[in-house]
Amino acid sequence: FQDLTVDLLAREPDLRNARLHGPRGYKQFGVDATAEIRSGGKLAASCKRYKDVSVDLIRTACKEFDEHKQRWKKEDVRHFVVVVAGYAEDPKVQQEEVKQKARYRRRNIAFELWDGTVIVQRIRKHPDLVYQYLRGDTWLSILCGQHYSAPAYLAPGTREAEASRLREFLAD
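Here the structure is a predicted model, which is why all the values come from computation and not from measurement.

Right, let's talk about helix 5 (residues 116–123) for a bit. For helix 5, the buried fraction is high: 6 of the 8 residues fall into the buried class. Taken together, the buried positions of helix 5 are G116, V118, I119, V120, R122 and I123.

In structure tokens, the structure reads:
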């Protein structure tokens with residue numbers, strides 16, 4: 001999940017040098033990935049691979065980042081992204097996102113929440129990443145369009161079943 005996040009960050013036109021922040025098991029100071037912002041400063045991302053997205057999960061990720069805010073200020077972090085595998089469909093989670101955006105804005109840090117929906121929106125622009133992480137022509141067809149070699153033998157309802165499997169994959 002962290003590798004996918006780094007690869008998605010690397011594809012953002014306003015970012016460069018996306019990488020994991022330390023090896024697994026290393027003290028990460030509330031951040032799993034970083035990237036340089038081309039116009040200046042740094043982006044930091046916290047990856048939370050949980051099926052259920054809750055207000056507490058968002059607050060925990062922000063608290064872990066905030067515990068090291070002096071460190072991140074010294075590194076000129078101007079953008080903080082919480083990346084979650086689940087879906088932020090709960091209005092309470094969406095309200096928490098708005099609160100965090102306002103809170104971080106006061107510190108001149110942009111805040112984003114990337115949930116399963118945002119991840120799909122971003123990955124579908126990159127068929128090679130779809131193939132790399134989701135392994136197969138079916139995913140290419142579902143996420144990137146039928147012109148990406150969808151098997152002609154797909155049974156009716158396969159798209160819905162595969163979409164359900166994508167949700168499960170992101171949450172595993």
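Of all 5 residues that make up strand 2 (residues 33–37), 4 are buried, and the element is covered over most of its length. As paired elements, strand 1 (residues 15–20) and strand 2 share 4 bridges and run antiparallel to each other. Residue pairing for strand 2: R16 is matched across the bridge by E36. Bridge count for strand 2 against strand 3 (residues 42–48) is 4 bridges, and the pairing is antiparallel.

Taken as a whole, the protein chain shows an average pLDDT of 87; of its residues, 86% reach a score of 70 or greater. Segment residues 150–154 is flagged for pLDDT under 50; beyond a separation of four residues in sequence, or across chains, it makes 4 contacts in the model.

Quick look at the nonpolar core now. V83, V130 and L143 are the most contacted members of the largest nonpolar core, which has 31 residues in total. Listed by contribution, the elements that provide at least two residues to this core are helix 1 (2–10), strand 2, strand 3, strand 4 (77–84), helix 5, helix 6 (127–134) and helix 7 (137–144). Top contributing element to this core by residue count: helix 7, with 5 residues. Dropping the residues within four chain positions of it, V130 is found in contact with I123, R124, R135, W139, L140, L143 and C144. Core analysis: the next-biggest nonpolar cluster, separate from the first, contains 21 residues, A44, L57, Y104 and I109 among them.

Conventions and cut-offs
Residues numbered from 1 in each chain as written. Predicted model: local features only at pLDDT ≥ 70, side-chain atom pairs only at ≥ 80, totals over all residues. Heavy atoms only, no water. Buried < 20%, exposed > 50% of the residue type's maximum accessible area, 1.4 Å probe, protein only. Helix = DSSP H or I, 4+ residues; strand = E, 2+ residues; numbered from the N terminus. Pairing = 2+ DSSP bridges. pLDDT = per-residue confidence, 0-100. Contact = heavy atoms within 4.5 Å. Core = buried A, V, L, I, M, F, W, Y, C linked by side-chain atoms within 4.5 Å.

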